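# Examination of the molecular architecture
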Amino acid sequence: MIAQCNAVLGMEEFDEEIFLERVEKIIVLPEKLTFRLTDGKEIDAPIYVREDSKTRKPPTQFSQWTGKIRCEVCGKNYVRQTRHYLNGDTEHYWICSTGKSCEGRKNGILWQNDIDKGIGNDADDVEFITAGLGRTLTVRFKDGMEKNIPWNKRKKHFSPKKGR
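Okay, so let's go over this structure. Not measured: the values here are computed from a predicted model.

## Overview of the side chain of K68
Along the polypeptide, K68 turns up in the loop between α3 (51–55) and β4 (69–71). Look at K68 and you get buried, because its relative accessible area is 16%. A polar side-chain atom of K68 sits 3.2 Å from the main-chain carbonyl oxygen of V126.

See below:
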């Protein structure tokens, strides 16, 4: 973006003051940027999109467990987050949506693979999961049965790709 701004404005190095003086707004379109300058002139600059990013499927932000994991302390749902590592690994984890004010946050992160190991991937049979203060997950199944699963605190990232 900065390179395109410099090219349109004829600058060698980006200068925020000059940019704010000369550019009224930038219109972002799928294949180009349209710079509307303060003097009324419009300049188009192409956007170079990698081929693989055009065809990449957008990640889903919902999981089979979305809305099913609740905090025992405040009753709010846990939300799924994603952690990306330098070696290319991606892991999902869950944390209380209330924020730092919730005592349930003291439990720390609930890792997706811990849920999958303890319950399996069959979310259809699960009514809800309660994340308790003692680092225990109470799984309530639709048939009325309950199962307690220990919730382990993991200190290091395990990389299945690298074997660490």
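On we go from here.
## Brief notes about the packing of aromatic side chains
Aromatic rings considered in pairs are described by the distance between their centres and by the relative angle of their planes. Within the structure shown, the criterion is met by one aromatic pair. Against the face of F128 rests R70, its NZ or CZ located 4.6 Å from the ring centre. The ring of Y93 carries the charged tip of R83 above its face, separated from the ring centre by 5.1 Å.

## Notes on the sheet that holds strand β6 (residues 90–96)
The strand order across the open sheet formed by three strands is β5-β6-β7, and the pairing between neighbours is antiparallel. Strands at the two margins of the open sheet, each flanked by one partner only, are β5 (78–84) and β7 (110–111). As paired elements, β6 and β7 share two bridges and run antiparallel to each other. When the sheet's bridge partners are listed, Y93 is paired in β7 with W111.

## Quick word on the pattern of salt bridges
What the rule picks out here adds up to four salt bridges. Notably, a salt bridge pairs D44 with K32, separated by 3.1 Å at the nearest N-O pair. Taken together, the residues D44 in strand β3 (residues 42–46) and K32 in strand β2 (residues 32–37) connect sequence positions twelve residues apart. The closest approach of N and O atoms between R140 and E127, which form a salt bridge, is 3.9 Å. Highlighted residues: R140 in strand β9 (residues 136–141) and E127 in strand β8 (residues 126–131), separated in sequence by 13 residues. Under the relative-accessibility criterion, R140 is labelled partly exposed at 29%. Overlapping salt bridges, with partners in common, bring together E127, R140 and E146 in one network.

## Section: helix α1 (residues 2–9)
For α1, the set of buried residues is Q4, C5, N6, V8 and L9. Of the surrounding elements, those touching the buried residues of α1 are α2 (16–22), β1 (23–28), β2 and β3. Looking one or two places after α1, you find G10, whose phi comes out positive at around 70°.

Definitions and cut-offs
- Residues numbered from 1 in each chain as written.
- Predicted model: local features only at pLDDT ≥ 70, side-chain atom pairs only at ≥ 80, totals over all residues.
- Heavy atoms only, no water.
- Helix = DSSP H or I, 4+ residues; strand = E, 2+ residues; numbered from the N terminus.
- Buried < 20%, exposed > 50% of the residue type's maximum accessible area, 1.4 Å probe, protein only.
- Polar contact = N/O pair within 3.5 Å; in protein donor to acceptor, adjacent residues only side chain to side chain.
- Phe/Tyr/Trp six-rings, centres within 6.5 Å; stacked < 30°, edge-to-face > 60°.
- Lys NZ or Arg CZ within 6 Å of the ring centre and 35° of its normal.
- Pairing = 2+ DSSP bridges.
- Salt bridge = Lys/Arg side-chain N within 4 Å of Asp/Glu carboxyl O.
- Contact = heavy atoms within 4.5 Å.

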